[in-house]
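Spelled out from the first residue to the last, the chains are:
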Amino acid sequence: MFHVKHRKGDVTIPSPFDASTPLGREVAEITRRRMALAAADFPLPEQTRVFTVANQKGGVGKTTTAVNLAAALAQAGARVLVIDLDPQGNASTALGVEHRSETPSVYDVMINDVPMAEVVQASPEFEGLDCIPATIHLAGAEIELVSVVAREQRLRAALATYIEQSPTPPHYVFIDCPPSLGLLTINAFVAAREVLIPIQCEYYALEGLSQLLNNISLIERHLNPELAVSTILLTMYDSRTNLAHQVVEEVREHFPNEVLETVIPRSVRISEAPSYGQSVISYDLNSPGSLSYREAAGEIARRGVKKQEDN
């Protein structure tokens with residue numbers, strides 16, 4: 001409620017943003033989150049953190065998560081590289097970079113030994129946000145890699161050279177995987193130190209997760225002893241359903257140290273943004289979906305620095 005003066009006295013006019021109304025509470029909460037993010041610290045890591053964003057289950061928000069976390073960190077001042085390892089090229093689309101069939105891409109890096117520096121494109125989203133695009137040629141890379149020497153190490157070797165030779169190496173690298181465990185995904189796991197798993201707040205959310213964790217464990221033992229599941233992010237959360245609450249509780253019970261406090265809601269803005277060649281961070285910075293990804297990015301940044309300090 002608020003007051004206005006009138007010639008015959010004060011008049012009380014109901015405000016649409018009265019905190020006692022649902023809309024008023026929502027507006028107040030969004031304002032509080034915006035202010036908290038404006039004051040939040042996004043500490044930068046001393047060494048490049050490489051994440052593989054993976055889940056063998058499709059439709060869980062894998063690409064959406066990779067793109068929006070990358071954009072949120074870049075918006076906060078970090079240098080971020082997204083490697084699109086999915087032949088569909090959705091991450092490339094969402095970051096507004098060219099990925100037609102003739103475009104130099106991650107395929108050329110893995111198959112033709114082209115240096116990463118020659119295929120990196122700057123995303124128009126934010127300064128400091130780069131992308132290595134995927135083209136349709138990547139669909140055949142699985143077969144072509146079969147006969148290649150050290151086929152599981154191709155991406156790691158190229159990325160290590162890129163980071164070492166870059167005058168301003170990225171603070172974060174996000175590798176967006178296809179929803180299958182082929183040689184492309186194995187290359188992503190071998191190249192990374194951290195695995196980020198998006199889990200949809202829906203029925204069968206944990207279906208296939210044990211198999212994914214077993215595969216990660218195998219790669220850790222045989223190909224990449226530094227690999228670990230560091231982060232789990234709950235996506236597509238609908239607070240109106242009991243099922244969503246149950247999924248959150250179940251996942252937090254199974255993975256108390258890995259699950260972020262932030263939960264990503266179902267959001268029209270998040271769904272719309274890629275059709276405009278944008279992340280939700282640039283499409284609508286202060287929408288609830290954007291705020292959630294920015295909050296998750298802040299958690300990831302602070303967790304990483306704390307872990308480095310503890311070690």
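First, a word on scope: everything that follows refers to the structure included in this document. (Residues numbered from 1 in each chain as written. Predicted model: local features only at pLDDT ≥ 70, side-chain atom pairs only at ≥ 80, totals over all residues. Heavy atoms only, no water.)

### Some points on the overall build of the protein chain
In step 1: Regarding its fold elements, the protein chain presents twelve helices and ten strands.
In step 2: Here the protein chain has a C-alpha radius of gyration of 21 Å; the compact-globule value for 311 residues is 19 Å, and the two agree.
In step 3: For the C-alpha atoms alone, the extent of the protein chain along its principal axes is close to 90 × 40 × 40 Å.
In step 4: Within the protein chain, the proportion of its 311 residues that are buried is 48%.
In step 5: Within the protein chain, residue pairs in contact and separated by at least 24 positions form 76% of the contacts whose partners lie at least 6 positions apart.
In step 6: When the accessible surface of the protein chain is summed, it comes to about 15,200 Å², and 52% of that surface belongs to carbon and sulfur atoms. (Helix = DSSP H or I, 4+ residues; strand = E, 2+ residues; numbered from the N terminus. Rg over C-alpha atoms; globule rule 2.2 N^0.38 Å. Buried < 20%, exposed > 50% of the residue type's maximum accessible area, 1.4 Å probe, protein only. Contact = heavy atoms within 4.5 Å. Areas by Shrake-Rupley, 256 points an atom, 1.4 Å probe, with all protein chains shown as cover.)

### A closer look at empty space enclosed by the protein
In step 1: Following the criterion strictly, the structure yields one cavity of 30 Å³ or more and no others.
In step 2: Of the volumes computed, that of the largest cavity is approximately 30 Å³.
In step 3: Lining the largest cavity are Ala54, Asn55, Gln56, Cys177, Pro178, Ser180, Thr185 and Leu212. (1 Å grid on protein atoms, 1.4 Å probe; cavity = no way out; pocket = protein on both sides within 12 Å on 5 of 7 lines; lining within 4 Å. Points joined across faces, edges and corners; volume = space filled by probe spheres on them.)

### Description of the packing of aromatic side chains
In step 1: All chains considered together, the criterion is met by four aromatic pairs.
In step 2: Seen from their ring centres, Phe51 and Phe174 are 5.2 Å apart, and the 10° between their planes marks the pair as stacked. Of the two residues, Phe51 sits in strand 3 (residues 49-53) while Phe174 sits in strand 7 (residues 172-176), which places them 123 residues apart along the sequence.
In step 3: Residue Phe51 is classed as buried on the basis of its relative accessible area of 0%.
In step 4: Taking the centre distance of 5.1 Å and the plane angle of 25° together, the rings of Tyr276 and Tyr283 count as stacked.
In step 5: Judged by its relative accessible area of 55%, Tyr276 is exposed.
In step 6: Three or more aromatic residues joined by ring pairs make a cluster, and in this case those are Phe51, Tyr172 and Phe174. (Phe/Tyr/Trp six-rings, centres within 6.5 Å; stacked < 30°, edge-to-face > 60°.)

### Quick notes on the layout of surface pockets
In step 1: Reported here for the second largest pocket is a volume of approximately 350 Å³.
In step 2: If you trace the second largest pocket, you find 13 residues lining it, with Tyr237, Ser239, Pro265, Arg266 and Pro288 closest to the centre.
In step 3: Secondary-structure elements contributing two or more residues to the lining of the second largest pocket are helix 1 (22-39), strand 10 (259-265) and helix 12 (288-310).
In step 4: The element that contributes the greatest number of residues to the lining of the second largest pocket is helix 1, accounting for four residues.
In step 5: The residue inventory of the lining of the second largest pocket, partitioned by class, reads five nonpolar, two polar and six charged. (Nonpolar A, V, L, I, M, F, W, Y, C, P; charged D, E, K, R; others polar.)

### Some thoughts on unusual backbone geometry
In step 1: One non-glycine residue, Ala150, lies in positive phi territory at about 50°.
In step 2: As for its placement among the helices and strands, Ala150 is situated in the loop between helix 5 (141-145) and helix 6 (154-165).
In step 3: Under the relative-accessibility criterion, Ala150 is labelled partly exposed at 41%.
In step 4: Unusually for a residue other than glycine, Met236 sits at a positive phi of about 55°.
In step 5: Summarising the element assignment, Met236 is placed in strand 9 (residues 228-237).

What is shown is where atoms sit, not what they do.
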